[in-house]
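Observations on the three-dimensional arrangement
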Amino acid sequence: RLVDSGPIAIFVAFVISGVGLHLSEDFILVPAGIVAYEQHVLTGSWNWFIQASIAAWLGIVVGDALWIWICRHFGGKLLGWRRFRRLIGPRTLLEVKYEMDRRGAWALLIARFIPGARTPMVTMSGVMQLAWWKIMTVEALGVLITAPLQMGIGVGVAKIGSQFESAAHRWMLYIGATLAVVGLMFV
């Protein structure tokens, strides 16, 4: 059952996302918040929300740590790889390097809240050999804010959806809200 293995699936999805399959956190966390609310309605407990939040936090931090390790050890080869340069262009990397030189770890924290900026910033923090403790502290604190917040959006959407009698209308709301949150993040 998805509900039983949900937190594990969230963890695995974020680890895989961290090392190459870059999925938007919103695509995973908003629906996780919806499921958490539905589990709360069924059981009267927020345990699923707590478990999913912890799994998301761990998955994002572990996935980013693995990506940073890859960038630290294979950064030169990655930057020379044509497919990688298409994913993150040279101009973007230079802008990120400038911000890292100027603001250091603060740039990494700010990038966590700017869609599209996090991956290049995490990549350059690894390539530039920024201190592990700085990177991991910033990542851990940033995710501690963003993951529960994004799941909270899902909970809010599910509360609104619970007022609809039709399951089809609820699902249309859930899908639309998830796409809207992702769209707003990019704007």
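Please read these numbers as outputs of a predicted model, since none were measured by experiment. (Residues numbered from 1 in each chain as written. Predicted model: local features only at pLDDT ≥ 70, side-chain atom pairs only at ≥ 80, totals over all residues. Heavy atoms only, no water.)

Here's the deal with the packing of aromatic side chains
- Applying the stated rule across the entire model yields three aromatic pairs.
- Residues Tyr37 and Trp46 carry aromatic rings whose centres are separated by 6.4 Å and whose planes lie at 50° to one another, so their mutual orientation is tilted.
- Looking at Trp46, the relative accessible area reads 33%, which means it is partly exposed.
- Here the aromatic rings of Trp46 and Phe49 are separated by 5.9 Å at their centres, their planes lie at 85°, and the arrangement is edge-to-face.
- Through successive ring pairs, a cluster of aromatic residues spans Tyr37, Trp46 and Phe49. (Phe/Tyr/Trp six-rings, centres within 6.5 Å; stacked < 30°, edge-to-face > 60°. Buried < 20%, exposed > 50% of the residue type's maximum accessible area, 1.4 Å probe, protein only.)

Details of the packing of helix H3 (residues 47-80) against helix H8 (residues 132-161)
- For the pair H3 and H8, interaxial distance at closest approach is 9 Å and the crossing angle is 145°. Of the two possible hands of crossing, H3 and H8 adopt the one that is right-handed. Between H3, through Phe49, Ala52, Ser53, Ala56, Trp57, Ile60, Val61, Asp64, Ala65, Ile68, Trp69 and Arg72, and H8, the contact on the second element is made entirely by Trp132, Ile135, Met136, Glu139, Ala140, Val143, Leu144, Ala147, Pro148, Met151, Gly152 and Val155.
- Per-class residue counts for the contact of H3 with H8 are 19 nonpolar, two polar and three charged. (Axes fitted to C-alpha atoms, helices over the stretch in contact; angles between N-to-C directions. Helix = DSSP H or I, 4+ residues; strand = E, 2+ residues; numbered from the N terminus. Left-handed = near helix turned anticlockwise from the far one by under 90°. Contact = heavy atoms within 4.5 Å. Nonpolar A, V, L, I, M, F, W, Y, C, P; charged D, E, K, R; others polar.)

Observations concerning H8
- Compared with an ideal rise of 1.5 Å per residue, which puts 30 residues at 44 Å, H8 spans 42 Å between its outermost C-alpha atoms and is within 8% of the ideal.
- For H8, the principal kink sits at Val143 and spans about 30°. (Expected span 1.5 Å × (residues − 1). Bend = angle between axes of the 7 residues up to and from the residue.)

Topic: the packing of H3 against helix H7 (residues 118-127)
- As a packed pair, H3 and H7 sit with axes 7 Å apart at the nearest point and diverge in direction by 70°. On the basis of the axis angle, H3 is roughly perpendicular to H7. As H3 runs across H7, the sense of the crossing is right-handed. For the pair formed by H3 and H7, the contact residues are Asp64, Trp67, Ile68, Cys71, Arg72, Gly75 and Leu79 on the first element and Arg118, Thr119, Val122, Thr123, Ser125, Gly126 and Val127 on the second.
- Looking at the contact of H3 with H7, its residues break down into six nonpolar, five polar and three charged. (Parallel < 35°, antiparallel > 145°, perpendicular 65-115°, else oblique.)

Focus on the side chain of Arg112
- Mapping Arg112 onto the fold places it in the loop between helix H6 (105-111) and H7.
- At a separation of 3.1 Å, a polar atom in the side chain of Arg112 contacts the side chain of Glu25.
- A distance of 3.5 Å separates polar atoms of two side chains, one belonging to Arg112 and the other to Glu139.
- With residues near it in sequence (within four places) discarded, Arg112 still touches Glu25, Ile60, Asp64, Arg118, Glu139, Gly142, Val143 and Thr146. (Polar contact = N/O pair within 3.5 Å; in protein donor to acceptor, adjacent residues only side chain to side chain.)

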